[in-house]
Amino acid sequence: MRGALDRRRLIQGSASLAALGLAGCAATAVAPPRPKPALAPIRADVSRLFDITVCLRPFRAAGPRLDAEQVGSKLVVHNYGHGGSGWSLSWGSAHVVVAKAMASSPKEIAVIGCGALGLTAAITAQQAGAQVTIYAREMLPDTRSARATGTWSPTSRIALESKVAADFPALWEEMARTSWRTYRRYLGLPGNPVEWRDKYSLFDAGHVPSHASGGLDFADFTDRIGDITPASEDIAPDTTPFLVASVRRTSLLQFNIADYAHTLMMDFLSAGGRFAHAEFHTLGEVSRLKEKVVINCTGYGARELCKDESIVPVRGQIGWLIPQPEVDYGLYYDGVNVVSRRDGIVVQMLEGGDMRGYGDANETIDRAESEEAVRRIASLTARI
Ligand SMILES: Cc1cc2nc3c(=O)[nH]c(=O)nc-3n(C[C@H](O)[C@H](O)[C@H](O)COP(=O)(O)OP(=O)(O)OC[C@H]3O[C@@H](n4cnc5c(N)ncnc54)[C@H](O)[C@@H]3O)c2cc1C
């Protein structure tokens, strides 16, 4: 580390001499500075934590539930259980369930739930020609979806390899590709609902990658869409400001959820959509709706509503640092994920891998966890 610092000082010294027109006087052995990406430092300080949020990923070992069933006189098409991939797969999932819902060409469709899955299903149903009303206990800024990290993660805790049906990998691929195409439409819009960011994964010397999965074989189908998603690249640490042993850079699609959710709500309303506050205690209560076709997008709520105990809660917590628009990159360091969004800098402890929070339905805030995550990032930024 000292070597890296000394080299850096030498480089800075030769740059200063050049600025004074004295470059010829500098020691000839000093290499010219290599171009570095201009990465503004993150102000990682616990006093800048302005919020801490907790959310439950609705995980199902078999993957999301997307089948249709007759409940009394209503056709209910399910659209829940997307684990840590709900935002990423939402548009593809919407296409699958809306095709089932539109089979009888209904004029009206009811969507229960106003999270990532409910809103995208509702908009997709509108595009298919239906008049749509969303019935929900909470609207998006208050739903669990609003507390997600906000990155393209279509294979995050989506299913267990050993529990999915034989045709699930192909279905997943279709959903991921449809979502990817649809997200293309939200790039470059005012407010940046969706944008590209570079992410730097940083490792100290002696780092041993841990994929703690507690014996569970979480499915990973990433290779199936390798042709549309950018590959990671290992880059020389001294081409970055970070004093670490190795660096991997990835370009990631990022969802700025405050703006993206607002855009979706406005799109739904401007296409004639309606919202109605409603709480359902049993699935049979859909009988009170006027619509004959219902898409059930209740996320973790489906565990109670549908008595579906195959849904396992996977707790996740995010600490929010005050946004810094000049920080236009993300980080992973020492078990902590950082995503610099327009609505706040996400700082999230990921130590323990996919098993972190598995089976934990406790939505109480653990401030010590977020403070520890911020301190780990501070230990990195202190060395820049
Ligand atoms: C910490 C964390 C980070 C994540 N990060 C990402 C990420 O970066 N990328 C990604 O793709 N995914 C991510 N996820 C996963 C993603 O957030 C979820 O998959 C997604 O939010 C699920 O959305 P949903 O619409 O199914 O459920 P919800 O957002 O929970 O919405 C459910 C809706 O149904 C309504 N509802 C529920 N029950 C009833 C009832 N009985 N009566 C009436 N209404 C009801 C609720 O009020 C709400 O409107 C993350 C999850 C967590 C926990």
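Structure's up top.
Quick caveat: nothing in here was measured; it's all calculated off a predicted structure. (Residues numbered from 1 in each chain as written. Predicted model: local features only at pLDDT ≥ 70, side-chain atom pairs only at ≥ 80, totals over all residues. Heavy atoms only, no water.)

Enquirer: How do you make sense of the pattern of salt bridges when you look at a structure like this?
Expert: Pairing of side chains with opposite charge becomes possible as their charged atoms draw close. Using the criterion set out here, one finds 25 salt bridges in the structure. With a shortest N-O distance of 2.7 Å, Asp67 and Arg65 are connected by a salt bridge. The residue Arg137 makes a salt bridge to Glu279 at a minimum N-O spacing of 3.0 Å. Within this pair, whereas Arg137 is found in the loop between β5 (131-136) and α4 (168-183), its partner Glu279 is found in the loop between β9 (274-277) and β10 (293-296), the two being separated by 142 residues in sequence. It is possible to trace a salt-bridge network through shared partners that takes in Glu173, Arg177, Arg224 and Asp227. (Salt bridge = Lys/Arg side-chain N within 4 Å of Asp/Glu carboxyl O. Helix = DSSP H or I, 4+ residues; strand = E, 2+ residues; numbered from the N terminus.)

Enquirer: Teacher, can you tell me more about the site of the ligand here?
Expert: Around the ligand, the surrounding shell holds 35 residues, and the nearest of these are Gly83, Ser88, Cys114, Glu138 and Ser145. A distance of 2.7 Å is found between an oxygen atom of the ligand and a backbone nitrogen or oxygen belonging to Gly83. Here an oxygen atom of the ligand sits 3.2 Å away from a polar atom, N or O, in the main chain of Ala116. Contributing elements (two or more residues each) for the shell around the ligand: β1 (49-60), α2 (86-101) and α3 (116-127). Taken together, the residues that form the shell around the ligand break down as 11 nonpolar, 19 polar and five charged. (Near = heavy atom within 4 Å. Polar contact = N/O pair within 3.5 Å; in protein donor to acceptor, adjacent residues only side chain to side chain. Nonpolar A, V, L, I, M, F, W, Y, C, P; charged D, E, K, R; others polar.)

Enquirer: Hey, could you run me through the sheet that holds β1 in this one?
Expert: Strand pairing in a sheet is mediated by backbone hydrogen bonds. Such pairs are either parallel or antiparallel. Spatial ordering of the open sheet is given by β1-β11-β14-β13-β12-β6-β8-β7, a layout of eight strands whose pairing is mixed. Each end of this open sheet is capped by a strand with a single partner; those strands are β1 and β7 (233-235). Pairs of neighbouring strands in the sheet enclose a mean axial angle of 25°, with direction left out of account. The pairing of β1 with strand β11 (residues 311-321) spans 11 bridges and is antiparallel. Its bridge partner being in β11, Cys55 is matched across the sheet by Gly316. (Pairing = 2+ DSSP bridges. Axes fitted to C-alpha atoms, helices over the stretch in contact; angles between N-to-C directions.)

Enquirer: Would you mind showing me how to read the pairing of strand β14 (residues 344-349) here?
Expert: Every regular strand shows the same layout, with side chains that alternate between the two sheet faces. The element β14 is extensively covered by neighbouring structure, given that six of its six residues are classed as buried. Judged by which residues are buried, β14 turns out to be covered on both faces: Gly344, Val346 and Gln348 on one side and Ile345, Val347 and Met349 on the other are all buried. Direction of pairing for β11 relative to β14: antiparallel, over a ladder of three bridges. Across the sheet, Leu321 pairs through a bridge with Ile345, a residue of β14. Across six bridges, strand β13 (residues 336-341) lies against β14 in antiparallel orientation. (Buried < 20%, exposed > 50% of the residue type's maximum accessible area, 1.4 Å probe, protein only.)

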